[in-house]
Amino acid sequence: MLQIYNTLTRQKEYFRPLNKGLVGMYVCGPTVYGDAHLGHARPAITFDLLYRYLQYIGYKVRYVRNITDVGHLEHDADEGEDKIAKKARLEQLEPMEVVQYYTNRYHHDMEQLGVLPPSIEPHASGHIIEQIAFIQKILDKGYAYISNGSVYMDVEKYAKDYHYGKLSGRNLQDIVTETRELDGQDEKKHSYDFALWKKAAPEHIMHWPSPWSEGFPGWHMECSTMGCKYLGEQFDIHGGGMDLMFPHHEAEIAQSCAALGHDSVRYWMHNNMITIAGKKMGKSYNNFITLEQFFTGKHELLTKPFSPMTIRFFILMAHYRSTVDFSSEALEAAEKGLARLTEAYTRLQKLQPAATSTIDTGGLKEKCEEAMDDDLNSPIVISHLFDSARAINTIYDGKATISSADLEQLKAVWKTFVIDILGLKMNNSAGNEQHAEAYKGAVDMLLELRLKAKQNKDWATSDTIRDRLIKLGFNIKDMKDGFEWSL
RNA sequence: GGUACCUUGCCCGAGUGGUUAGGGACCGGUCUGCAAAACCGGGGACAGCGGUUCGAAUCUGCUAGGUACCUCCA
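Everything numeric in this text was worked out from a predicted model, so none of it was measured. (Residues numbered from 1 in each chain as written. Chains lettered and ligands numbered in written order. Predicted model: local features only at pLDDT ≥ 70, side-chain atom pairs only at ≥ 80, totals over all residues.)

Participant: Break down the pairing of strand β1 (residues 3–6) for me, citing the residues and quoting the values.
Facilitator: Bridge count between β1 and strand β2 (residues 11–14): four bridges; the pairing is antiparallel. Bridge pairing in β2 places Ile4 opposite Glu13. The hairpin formed by β1 and β2 contains four residues between the paired strands, and Arg10 there has a positive phi angle of roughly 60 degrees. (Pairing = 2+ DSSP bridges. Helix = DSSP H or I, 4+ residues; strand = E, 2+ residues; numbered from the N terminus.)

Participant: Just give me the short version of the nonpolar core, but keep the residues and values in it.
Facilitator: Ile135, Ile138, Ala144, Met153, Leu196 and Phe417 are the most contacted members of the largest nonpolar core, which has 116 residues in total. Those residues in contact with Phe417, other than ones at most four positions away along the chain, are Cys368, Val381, Leu385 and Leu422. (Core = buried A, V, L, I, M, F, W, Y, C linked by C-beta atoms within 7 Å. Buried ≥ 20, exposed ≤ 12 C-beta atoms within 10 Å, placed from the backbone. Contact = placed C-beta atoms within 7 Å.)

Participant: Describe the sheet that holds strand β13 (residues 324–326), with residues and values.
Facilitator: Pairing is mixed across the open sheet formed by three strands, whose spatial order is β12-β11-β13. A single partner strand is all that each edge strand has here, and the edge strands are β12 (279–280) and β13. Bridging between strand β11 (residues 274–276) and β12 involves two bridges; their strand directions are antiparallel. Opposite Ile276, over in β12, you have Lys279 as the bridge partner.

Participant: Talk me through the protein's contact with RNA strand B; I want residue IDs and the actual numbers.
Facilitator: Surveying the vicinity of RNA strand B reveals 68 residues, the closest of which are Gly39, Gly241, Gly337, Ser383 and Asp478. For the surface near RNA strand B, the element with the highest residue contribution is helix α13 (residues 378–396), accounting for nine residues. In terms of residue class, the surface near RNA strand B is built from 24 nonpolar, 22 polar and 22 charged. (Near = placed C-beta within 6 Å. Nonpolar A, V, L, I, M, F, W, Y, C, P; charged D, E, K, R; others polar.)

Participant: So, the environment of His190: which residues are in play, and what are the values?
Facilitator: Assignment of secondary structure puts His190 in the loop between α6 (172–178) and β7 (195–199). C-beta crowding within 10 Å serves as the criterion here: with 16 such atoms nearby, His190 is assigned to the partly exposed category. Sequence separation of His190 and Asp154 is 36 residues, and the distance between their C-alpha atoms is 8.1 Å. Once residues within four sequence positions are removed from consideration, His190 is found in contact with Val155 and Glu156.

Participant: Can you lay out the environment of Val23 for me, pointing to particular residues and giving the numbers?
Facilitator: Here Val23 shows up in strand β3 (residues 22–27). Taking the number of C-beta atoms within 10 Å as the measure of exposure, Val23 has 23 and is therefore buried. For the pair formed by Val23 and Ala85, sequence separation is 62 residues and the distance between their alpha carbons is 36 Å. Setting aside anything within four residues of it in sequence, one finds Val23 in contact with Pro17, Leu54, Tyr59, Val61, Asp236 and Ile237.

Participant: Provide a residue-level description of the sheet that holds strand β8 (residues 215–217), including the pertinent values.
Facilitator: Spatial ordering of the open sheet is given by β5-β6-β7-β8, a layout of four strands whose pairing is antiparallel. The open sheet has two edge strands, β5 (144–147) and β8, and neither has a second partner. Recorded for the sheet is a direction-independent mean angle of 20 degrees between the axes of neighbouring strands. Alignment of β5 against strand β6 (residues 150–153), held across four bridges, turns out to be antiparallel. Bridge assignment links Ile146 to a residue of β6, and that residue is Val151. (Axes fitted to C-alpha atoms, helices over the stretch in contact; angles between N-to-C directions.)

Participant: Explain unusual backbone geometry to me, using residue names and the numbers behind them.
Facilitator: Note that the residue after Phe246, namely Pro247, is joined by a cis bond; omega there is 0 degrees. As for its position among the elements, Pro247 is in helix α8 (residues 245–260). Backbone geometry places Asp375, a non-glycine residue, at a positive phi of 55 degrees. Here Asp375 shows up in the loop between α12 (364–373) and α13. A positive phi angle, close to 55 degrees, is found at Leu376, a residue other than glycine. The residue Leu376 is located in the loop between α12 and α13 in this model.

Participant: Hey, could you go over the confidence of the model for chain A for me, with residue numbers and the actual values?
Facilitator: On average, residues of chain A score 88 in pLDDT, and 92% of them are at 70 or above. Note that pLDDT drops below 50 for residues 72–79; the model gives that stretch 11 contacts with residues more than four away or on any other chain. As a predicted assembly, this complex carries a pTM of 0.90 together with an ipTM value of 0.94. (pLDDT = per-residue confidence, 0-100.)

Participant: Outline the packing of helix α4 (residues 128–141) against helix α7 (residues 221–231), supporting the account with residue identities and numerical values.
Facilitator: The contact between α4 and α7 brings their axes to 9 Å, and the two run at 100 degrees. One element, α4, and the other, α7, form an angle in the roughly perpendicular class. Counted together, Glu130, Gln131, Phe134 and Ile135 of α4 and Met221, Glu222, Ser224, Thr225 and Lys229 of α7 form the full contact between these two elements. Counted by class, the contact of α4 with α7 contains three nonpolar, three polar and three charged residues. (Parallel < 35°, antiparallel > 145°, perpendicular 65-115°, else oblique.)

Participant: Hey, could you go over the environment of Asp109 for me, with residue numbers and the actual values?
Facilitator: Locating Asp109 in the fold gives a position in helix α3 (residues 95–112). Asp109 sits 68 residues away from Ala41 along the chain, and the two C-alpha atoms are 8.7 Å apart. Once residues within four sequence positions are removed from consideration, Asp109 is found in contact with Ala36, Leu291 and Glu292.

Participant: Which residues make up α4, and what are the values?
Facilitator: The terminal C-alpha atoms of α4, which comprises 14 residues, lie 20 Å apart, in line with the 20 Å expected from a rise of 1.5 Å per residue. Regarding α4, the residues found buried are Ile128, Gln131, Ile132, Phe134, Ile135, Ile138 and Leu139. One side of α4 carries all its buried residues, which in axial view fall inside an arc of 160 degrees. Residues of α4 that are exposed and angled more than 90 degrees away from the buried face: Ile129 and Asp140. Next to the buried residues of α4 lie β5, β6, β7, β8, α7 and α8. After α4 finishes, the residue Gly142 shows a positive phi value of roughly 85 degrees. (Expected span 1.5 Å × (residues − 1). Arc of directions from axis to C-beta.)

Printed below as a string of structure tokens:
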């Protein structure tokens with residue numbers, strides 16, 4: 001039975017959905033004002049893994065992942081200005097044009113990484129009306145106040161009736177003494193009050209009418225609102241990066257409790273950060289490498305391009321709650337490991353069944369399920385697959401045999417865990433099938449010619465064929481009585 | 001300063017109080033006209049110092065080092 005680590009209780013808990021057979025899951029998506037970097041791949045892949053596994057164990061899942069395209073304030077020279085508006089002015093584009101541009105690029109990157117699209121991908125900008133209604137609810141309950149056209153959460157009042165800080169483990173008094181001076185501080189009763197609605201400055205491009213002012217929603221509002229709209233007042237799982245725990249998710253909890261009178265989320269899940277030289281990879285440190293840079297290899301820290309599947313495998317090789325340190329060396333190791341797995345998968349398809357099995361290939365499914373049930377322990381799943389790969393190779397080498405029943409079972413388990421759950425694509429020969437067949441036949445023919453040359457001890461011809469193919473990027477393997485090749 | 005977390009072999013990276021994680025690199029072997037690749041096998045570890053325990057990498061205390069959040073962040 002699936003156990004997941006709930007940040008709220010700081011321990012692993014058995015997962016029991018609110019509604020039998022159904023799971024509602026919300027994950028914080030990207031803010032679309034720049035290209036996605038490696039850090040963005042982590043939650044996408046982590047919760048993609050969860051999404052896939054939940055479906056595997058029989059749940060119907062509604063997976064909501066938002067697009068943030070309004071509201072985030074910047075805290076530099078242009079205080080109070082919407083990030084997207086700022087970028088838009090810089091590039092002389094419509095704000096929605098920027099949003100569309102980066103959303104498209106995000107989608108493309110995610111598809112490359114084998115991340116399945118969520119069931120619903122709502123935009124914050126498309127839910128202004130709902131957000132206004134949600135704010136009004138909080139006002140009606142008395143947990144918010146209006147100040148100079150903006151609406152703020154009355155955290156002190158809220159904290160009297162509810163537990164503010166239960167997710168991040170903070171208490172109000174700590175927050176009082178530590179919160180820095182921010183824009184609009186004078187409008188707020190307390191420094192720790194956060195904006196639910198912000199009045200737009202005159203030069204602000206993205207703004208909407210509301211009962212309080214022409215402005216935009218506070219940056220925690222969209223998740224409370226859209227989660228509630230699409231998953232209900234209460235739902236099962238809310239995920240996101242650890243860096244969102246405070247204040248973002250804490251504020252979300254407060255907003256939802258204030259408006260609804262009860263918690264919305266039952267299991268909070270947080271993936272850890274990707275680090276680079278031990279430091280978090282993030283926008284603010286300006287130490288990030290975009291996914292496109294990985295795919296093309298165009299970055300000074302990269303020794304070569306890395307395929308999307310290598311990136312995915314690299315992330316899955318570590319547990320989602322651990323930090324994972326990026327380096328070109330670690331990525332190369334992941335690449336080779338993935339190649340080994342891919343090779344074993346290909347060989348598995350070619351194995352010939354025998355009358356009996358002389359090697360134990362059973363139990364793989366149970367072991368992999370056990371690892372996944374233990375808070376999505378993908379590294380353990382992978383280690384089991386490597387063990388299985390060794391058995392496959394032994395059979396392939398003719399040093400063991402496998403029965404037809406065992407073989408069918410092994411094939412099924414590999415397909416399920418490698419392709420369906422880990423989401424690794426094993427065939428790198430994309431494109432139309434006819435094309436691939438013809439191409440494959442041509443290379444086979446060349447290597448058959450080489451084999452003949454070898455048999456005639458015509459080394460010059462055989463080496464010429466091999467060397468030229470290698471130069472074109474092929475790997476040629478001489479086998480006992482034949483050959484294998486890959487690109 | 002407050003809060004939380006981390007420290008595993010050459011590198012990456014799992015881990016339940018007692019039994020092999022796994023991958024990469026390296027070394028040895030198989031194969032081979034040569035080569036490459038592939039495959040098989042192998043060694044090595046738990047930051048330091050105490051404590052609990054029959055037994056601790058795993059629990060506990062201290063020390064050292066590091067990270068994250070407290071401000072936009074995946």
